[in-house]
Amino acid sequence: VVAMYMKYAVTGETKDADSASQWFQGIQLLNNVTGVKGLMGRSCCSPLTFNKTCGGHTHDAEQWHPSTNPRYAGWWWKGDTSSDEVAGHMFALSVVHHLSPSPQERALAKELLLNIVGGIVKHDYELIDITGNATTWGRWSPRYVNGFRGYSDERGLQSVQMLSYLSAAANMTADDPSGMMYRAAFAELTNATNQYHWNV
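Computed from a prediction, not measured in an experiment: that's the story for all the values here.

### Structural notes on the pattern of salt bridges
Taken as a whole and judged by the stated rule, the model has five salt bridges. The shortest N-O distance in the salt bridge between Asp16 and Lys7 comes to 3.4 Å. Salt-bridge contacts for Glu85 lead to Arg42; the nearest nitrogen and oxygen are separated by 3.7 Å. Residue Glu85 is found in helix 4 (residues 83–99), and its partner Arg42 is found in the loop between helix 2 (14–32) and strand 1 (44–45); the two are separated by 43 residues along the sequence. Note on Arg42: relative accessible area 31%, which makes it partly exposed. Here the salt bridges do not stand alone but share partners, grouping Lys7, Glu13, Lys15 and Asp16 into one network.

Following this line, the structure appears as structure tokens:
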């Protein structure tokens, strides 16, 4: 997605913008198929391909969920979305918001990004899965980043991810009162107690 929008930014050619839009539809699909605002699937399969190519591995069986979005009846998506997927979506949505020639695409990229970041902030810096619990790696709260020994090697990475997400959301809402939530969260995570900037 990022590569195609950057290509369009260089060439300015309509065919490159159209190709970029096609790739962006994949990002939209992963966000919409879950039926949960702010939660993207790790992967998804259409009704025609699920039993043949997806969900066949025993260790993955419990991670596949049927879509609750009526537009995707019969589709399945893979849950337990990790921080890696979130990082990819944040990068892609930020680039689409800045480089797409389409006002509709820019607005949709902003909406999807704010849904993701807003949900994470409202759930104490955790990505909540369809199960109602945080995903295994979607945890950016000080409790995990600073307080859990198992995260110590990832402390800098987890901190820079969350600060980057908050910065992107604050940038997109610079002229909007809703942006206060992201700026306040950034201030909280960089205060004298949490020190995410020092973690980075």
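### Quick look at the sheet that holds strand 2 (residues 64–66)
Read across the open sheet, the three strands follow the order 1-3-2; overall the sheet is antiparallel. The outermost strands of the open sheet, each flanked by one partner alone, are strand 1 and strand 2. In the sheet, strand 2 pairs with strand 3 (residues 76–78) via three bridges, with the strands oriented antiparallel. Paired with Pro66 across the strands is Trp76, a residue of strand 3.

### Some details on a nonpolar patch on the surface
A cluster of nonpolar side chains, Leu157, Val160 and Val200, forms an exposed patch at the surface whose accessible area comes to about 240 Å². Relative to the helices and strands, Leu157 resides in helix 7 (residues 155–172). Taking relative accessible area as the criterion, Leu157 reaches 43% and is therefore assigned partly exposed.

### With respect to helix 8 (residues 180–189)
Two residues of an α-helix separated by three or four positions point the same way, owing to the 3.6 residues in each turn. Considered for burial, the residues of helix 8 that qualify are Tyr182, Ala185 and Leu189. End-on view of helix 8: buried residues confined to an arc of 60 degrees, all on one side of the axis. Here the buried face of helix 8 lies against helix 5 (103–122), helix 6 (142–145), helix 7 and helix 9 (196–199).

### Examining the packing of aromatic side chains
For the structure shown, the criterion picks out three aromatic pairs. The interplanar angle of 80 degrees and the centroid separation of 5.8 Å between the aromatic rings of Trp140 and Tyr165 together place this pair among those described as edge-to-face. Of this pair, Trp140 sits in the loop between strand 5 (134–139) and helix 6 while Tyr165 sits in helix 7, placing them 25 residues apart in sequence.

### Some remarks on the pairing of strand 5
One ladder, built from two bridges, connects strand 4 (residues 126–128) with strand 5; its direction is antiparallel. Bridge pairing in strand 5 places Glu126 opposite Arg139. Where strand 4 hands over to strand 5, the hairpin turn is made up of five residues, of which Gly132 adopts a positive phi near 90 degrees.

### Structural notes on helix 2
Look at helix 2: 26 Å from first C-alpha to last across 19 residues, which is about the 27 Å you get at 1.5 Å a residue. Taken residue by residue, helix 2 has Asp16, Ala17, Ser19, Ala20, Ser21, Phe24, Ile27, Gln28, Leu29, Leu30 and Asn31 as its buried positions. Residues of helix 2 that are buried sit in contact with helix 1 (2–11), strand 1, helix 4 and helix 5.

Analysis parameters
Residues numbered from 1 in each chain as written. Predicted model: local features only at pLDDT ≥ 70, side-chain atom pairs only at ≥ 80, totals over all residues. Heavy atoms only, no water. Salt bridge = Lys/Arg side-chain N within 4 Å of Asp/Glu carboxyl O. Helix = DSSP H or I, 4+ residues; strand = E, 2+ residues; numbered from the N terminus. Buried < 20%, exposed > 50% of the residue type's maximum accessible area, 1.4 Å probe, protein only. Pairing = 2+ DSSP bridges. Patch = residues over 30% accessible without salt bridge, like charges linked within 9 Å, V, L, I, M, F, W, Y side chains within 5 Å. Areas by Shrake-Rupley, 256 points an atom, 1.4 Å probe, with all protein chains shown as cover. Arc of directions from axis to C-beta. Contact = heavy atoms within 4.5 Å. Phe/Tyr/Trp six-rings, centres within 6.5 Å; stacked < 30°, edge-to-face > 60°. Expected span 1.5 Å × (residues − 1).

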